[in-house]
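Topology and contacts: notes
These are the residues of each chain, in order.
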Amino acid sequence: MICLRCGYCCISLDAVIANPGSIKPDGSLEKDDTNAMIFKPSGQMCPHLIFQGIKAICSIHNLLCYEGTPCQQFDQFGSEDNICILGSYFKDETAKTNLA
Ligand code: SF4
Ligand code: SF4
């Protein structure tokens, strides 16, 4: 899947994410920390999401705490070189809302 860097999934979807307060200086999570993973509800911007202009970036993407998370495993049907369907869908929905 080719990510368009729109950031919609990091705002519009329910997600289980690494707790910002539980990330150690080396980028990993404390194994015994029961609050290491937290729920981010749909419609709420993920605290790890930053924008450079209109380009959405996951600030923990390259850290150890990202490995194995639902975000890392997030994928969709279609071939690897298909553009993200979800991003296109949310863009279309937003366009419809703005026209209503
Ligand atoms: S952790 Fe990264 S990929 Fe997951 S929702 Fe937050 S910004 Fe998006
Ligand atoms: S909705 Fe798709 S294109 Fe947009 S940031 Fe998420 S994965 Fe990337």
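Heads up: the structure comes first, above all this text.
Since we're looking at a predicted model, the values are computed, not measured. (Residues numbered from 1 in each chain as written. Chains lettered and ligands numbered in written order. Predicted model: local features only at pLDDT ≥ 70, side-chain atom pairs only at ≥ 80, totals over all residues. Heavy atoms only, no water.)

Considering the nonpolar core
Nonpolar side chains in soluble globular proteins tend to end up buried together. For clarity, the threshold we go by: Among buried residues, those of type Ala, Val, Leu, Ile, Met, Phe, Trp, Tyr and Cys that are joined through side-chain atoms within 4.5 Å constitute a nonpolar core. Throughout this description, buried means an accessible area under 20% of the type-specific maximum (1.4 Å probe, protein chains only), exposed means over 50%, and partly exposed covers the range between.
By size, the foremost hydrophobic cluster in this structure holds six residues: Ala18, Leu29, Ala36, Ile60, Cys65 and Tyr66. Listed in part, the five residues of the second largest apolar core include Ala15, Cys46, Leu49 and Ala56.

Here we look at a nonpolar patch on the surface
The condition that has to hold: A patch consists of residues whose relative accessible area exceeds 30% and which take part in no salt bridge; residues with like charges are grouped when within 9 Å of each other, and nonpolar side chains (Val, Leu, Ile, Met, Phe, Trp, Tyr) when within 5 Å. Computed by Shrake-Rupley with a 1.4 Å probe, the accessible areas treat only the displayed protein chains as cover when residues are assessed. For salt bridges, the criterion is a side-chain nitrogen of Lys or Arg within 4 Å of an Asp or Glu carboxyl oxygen. Here a strand is any run of E in DSSP of at least two residues, a helix any run of H or I of at least four, and the numbering for each starts at the N terminus.
Together, Ile2, Leu4 and Ile83 make up a nonpolar patch on the protein surface, roughly 240 Å² of accessible area in all. Its location among the elements puts Ile2 in the segment before helix H1 (9–12).

Observations concerning the site of ligand 1
Note the following rule: By convention in these notes, a residue is near a molecule or strand provided one of its non-hydrogen atoms lies within 4 Å of it. Only Asp, Glu, Lys and Arg are considered charged, only Ala, Val, Leu, Ile, Met, Phe, Trp, Tyr, Cys and Pro nonpolar, and every remaining residue, Gly among them, polar.
Around ligand 1 sit Cys10, Cys46, His48, Leu49, Cys58, Ile60, Tyr66 and Cys71, and that is every residue in its neighbourhood. Within the shell around ligand 1, the residues separate by chemical class into seven nonpolar, one polar and no charged.

So, the site of ligand 2
Residues in contact with ligand 2, as listed here, are Met1, Cys3, Leu4, Arg5, Cys6, Gly7, Cys9, Phe74, Cys84 and Gly87. Of the residues contributing to the shell around ligand 2, the split by class is seven nonpolar, two polar and one charged.

Points about the pattern of salt bridges
Taken as a whole, this structure holds one salt bridge when the rule is applied. For Glu30, the salt bridge is made with Lys24, and the minimal N-O distance between the two is 3.9 Å. For Glu30, a relative accessible area of 37% translates into the label partly exposed.

Re the side chain of Asn19
Note the following rule: Contact definition: two residues touch when any of their heavy atoms are within 4.5 Å.
Turning to its location among the elements, Asn19 is positioned in the loop between strand E1 (15–18) and strand E2 (37–40). With residues up to four places along the chain from it excluded, the contact list for Asn19 reads Leu29, Asn35, Ala36, Met37 and Ile38.

Let's talk about the side chain of His48
Turning to its location among the elements, His48 is positioned in the loop between E2 and strand E3 (49–52). Not counting residues up to four positions away in its chain, the partners in contact with His48 are Ile17, Ala18, Pro20, Ile23, Ile57, Cys58, Ser59 and Ile60.

Considerations on the pairing of strand E4 (residues 55–58)
As a reminder of what qualifies: In this scheme, strands are said to pair when DSSP sees at least two bridges between them.
For E3 and E4, the ladder comprises four bridges, and the chain directions are antiparallel. Bridge pairing in E4 places Phe51 opposite Ala56. Hairpin connection from E3 to E4: two residues lie between these consecutive antiparallel strands, with Gly53 at a positive phi of about 70 degrees.

Overview of the environment of Ile11
Along the chain, Ile11 falls in helix H1. The exposure class of Ile11 is partly exposed, given its relative accessible area of 25%. Between the C-alpha atom of Ile11 and that of Pro41, which follows or precedes it by 30 residues, the distance is 8.3 Å. In this view, Ile11 contacts Lys40, Pro41, Ser42, Gly43, Gln44, Met45, Leu49 and Phe51; residues no more than four positions away in its chain are not counted.

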